[in-house]
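What follows is each chain in one-letter form.
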Amino acid sequence: MKLTSARKKFKNQWMVFKIRREKPVVEGEVLGTAKTRKSIHDFIDRNRLNNVYITFNGPVVPRGVGFFF
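Residue positions are given per chain, counted from 1 along the sequence in the order it is written. This being a predicted model, a pLDDT of at least 70 is required before a residue's local features are given, and a value of 80 or more before pairs of side-chain atoms are given or counted; all residues contribute to the totals for chains, interfaces and linings. Only hydrogens and water are set aside; all other atoms, that is, all heavy atoms of the structure, feed into the side-chain values.

Visitor: For this particular structure, what's the right way to read the environment of Phe-68?
Guide: Secondary structure follows DSSP: runs of H or I at least 4 residues long count as helices, runs of E at least 2 residues long count as strands, and numbering of each begins at the N terminus. Tracing the sequence through the fold places Phe-68 in the segment after strand S3 (53-56). Per-residue accessibility, obtained with a 1.4 Å probe over protein chains only, is compared with the maximum for each type, and a residue is labelled buried under 20%, exposed over 50%, and partly exposed between these values. Its relative accessible area of 84% is what places Phe-68 among the exposed residues.

In structure tokens, the structure reads:
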């Protein structure tokens, strides 16, 4: 599965992704998903996963939150 497809499929969730190929596009498999950061780290610890890509597939800034500079 392409990383871009996985990010769309598991929108607003944390995801553990194992990269199999980087070129011409990043492809691999989704090993797990979770709603919270703590849950995804617990999943990684329980399954003793190494060399995986962990990402949040949603907005970095929550809706309704703003920043002043």
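Having put the structure on the table, let's press on.
Visitor: Just to check I follow, could you spell out the pairing of strand S1 (residues 14-21) for this structure?
Guide: Side-chain positions along a regular strand alternate between the two faces of the sheet. Any two strands with at least two DSSP-identified bridges between them are counted as paired. With seven bridges connecting them, S1 and strand S2 (residues 27-34) associate as antiparallel partners. What sits directly across from Trp-14, in S2, is Ala-34. Hairpin remark: S1 followed by S2, antiparallel, with five residues in the connecting loop. Strand direction decides the pairing type here: S1 and S3, joined by four bridges, are antiparallel. Note on S3: the bridge partner recorded for Phe-17 is Tyr-53.

Visitor: Looking at this structure, I do not really get the packing of aromatic side chains. What am I missing?
Guide: In this description, an aromatic ring pair is defined by two values, namely the gap between the centres and the angle between the planes. Aromatic contacts are taken between Phe, Tyr and Trp rings whose centres are within 6.5 Å, Trp giving its six-membered ring; a plane angle under 30 degrees counts as stacked, one over 60 as edge-to-face, and the others as tilted. Applying the stated criterion to the full structure yields one aromatic pair. Note on Trp-14 and Phe-56: the rings are 5.3 Å apart at their centroids and 50° apart in plane angle, and the pair reads as tilted. One end of the pair, Trp-14, is in strand S1; the other, Phe-56, is in strand S3, and 42 residues separate them in sequence. The class for Phe-56 is partly exposed, based on a relative accessible area of 29%.

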